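Now for the letters of each chain:
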Amino acid sequence: MRLGRKVALGLGVVAGLVCSHLAWAHPGRTNSSGCHNVRATGGYHCHGGGGGGGGWRELEETPTRVKVIAIPRARVWINGAFVGMSPTPAVRIDGTKVQVLLEHAALGRHETTATIDSGGTTALTVRW
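The structure presented is a predicted model; accordingly, all values stated were derived computationally and were not measured.

Notes on the sheet that holds strand E7 (residues 91–93)
Taken together, three strands build an open sheet; the order of strands is E7-E4-E10 and the sheet is mixed. Of all strands in the sheet, those bounded by a partner on one side alone are E7 and strand E10 (120–125). When the angles between neighbouring strand axes are averaged without regard to direction, this sheet yields 35 degrees.

Here's the deal with a nonpolar patch on the surface
Residues Ile71, Leu107 and Trp128 make up a contiguous nonpolar surface patch of roughly 260 Å² in combined accessible area. Mapping Trp128 onto the fold places it in the segment after E10. Taking the relative accessible area as the measure of exposure, Trp128 reaches 38% and is therefore partly exposed.

Brief notes about the side chain of Thr88
Take Thr88: it is sitting in the loop between strand E6 (81–85) and E7. Reaching out from Thr88, the side chain makes a polar contact with the backbone nitrogen of Val68 at a distance of 2.9 Å. Setting aside residues no more than four positions away along its own chain, Thr88 makes contact with Lys67, Val68, Val76 and Val83.

Observations regarding the confidence of the model for the chain
Model confidence for the chain is summarised by a mean pLDDT of 78, while 71% of its residues fall at 70 or above. Per-element confidence in the chain is highest for strand E5 (residues 75–78), whose mean pLDDT is 96, and lowest for strand E3 (residues 57–58), whose mean pLDDT is 53. Below a pLDDT of 50 lies the segment residues 49–53, which in the model reaches four contacts outside its immediate sequence neighbourhood of four places, other chains included.

A look at the sheet that holds E5
Strand order in the open sheet formed by four strands is E6-E5-E8-E9, and the pairing between neighbours is antiparallel. Where the open sheet ends on each side, the last strands, each with one partner, are E6 and strand E9 (108–115). If you compare each strand with its neighbour and ignore which way they point, the axes differ by 25 degrees on average. As judged from the four bridges shared by E5 and strand E8 (residues 97–104), these two strands associate in the antiparallel manner. Along E8, the bridge assignment pairs Arg75 with Glu103.

Rules used throughout
- Every residue gets a number counted from 1 within its own chain, in the order that chain's sequence is written.
- Restriction of local features to residues with pLDDT of at least 70 applies here, the model being predicted, together with a cutoff of 80 or more for giving and counting side-chain atom pairs; totals for whole chains, interfaces and linings are based on all residues.
- Hydrogens and water molecules were not included; the side-chain quantities draw on all heavy atoms of the structure.
- Only strands that DSSP links by at least two bridges are regarded as paired with each other.
- Starting at the N terminus, helices and strands are each numbered in turn, a helix being any DSSP run of H or I of at least four residues and a strand any DSSP run of E of at least two.
- Between N-to-C directions, angles span 0 to 180 degrees; the directions come from axes that are lines fitted to C-alpha atoms, helices contributing only their stretch in contact.
- Surface patches are drawn from residues lacking salt bridges whose relative accessible area is over 30%; two like charges belong together within 9 Å, two nonpolar side chains (Val, Leu, Ile, Met, Phe, Trp, Tyr) within 5 Å.
- Using a 1.4 Å probe, accessible areas were evaluated by the Shrake-Rupley method; residue-level cover was limited to the displayed protein chains.
- Any carboxyl oxygen of Asp or Glu that lies within 4 Å of a side-chain nitrogen of Lys or Arg is treated as forming a salt bridge with it.
- Between buried and exposed lies partly exposed: a residue is buried under 20% and exposed over 50% of the maximum accessible area for its type, with that area taken using a 1.4 Å probe on protein chains only.
- Two N or O atoms form a polar contact when they lie within 3.5 Å of each other; inside protein one atom must be a possible hydrogen donor and the other a possible acceptor, and for residues adjacent in sequence the pair counts only when both atoms belong to side chains.
- In this analysis, two residues are considered to be in contact whenever any of their non-hydrogen atoms come within 4.5 Å of each other.
- Confidence of the predictor at the level of single residues is captured by pLDDT, which takes values from 0 to 100.

Spelled out as structure tokens, the structure:
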């Protein structure tokens, strides 16, 4: 009977440790490096998933994002990739050069190139 209590106590301790780890887990999904975007601030941070360390750390560099605002219902391509209808959500890009292609049923196609600031989110208004 004593062995049964010790086993039950041991299982309880293990379950407690597992559950306490889950209670401190972050609710957001992370990539393979343990990082994710923060919707509220537009920032990006890591939880130490890839390289050890316990807490989260802010990355030195904020990703560059662009949001295209154009005539409603225009299809939008940014740097050759279709991103949706205008106005688009903020899309992460590499570099600071942005090539925007718009396509609208009534107005046809329009293409423009812009240079935006590195880091943060830029709302780019494109007019025909």
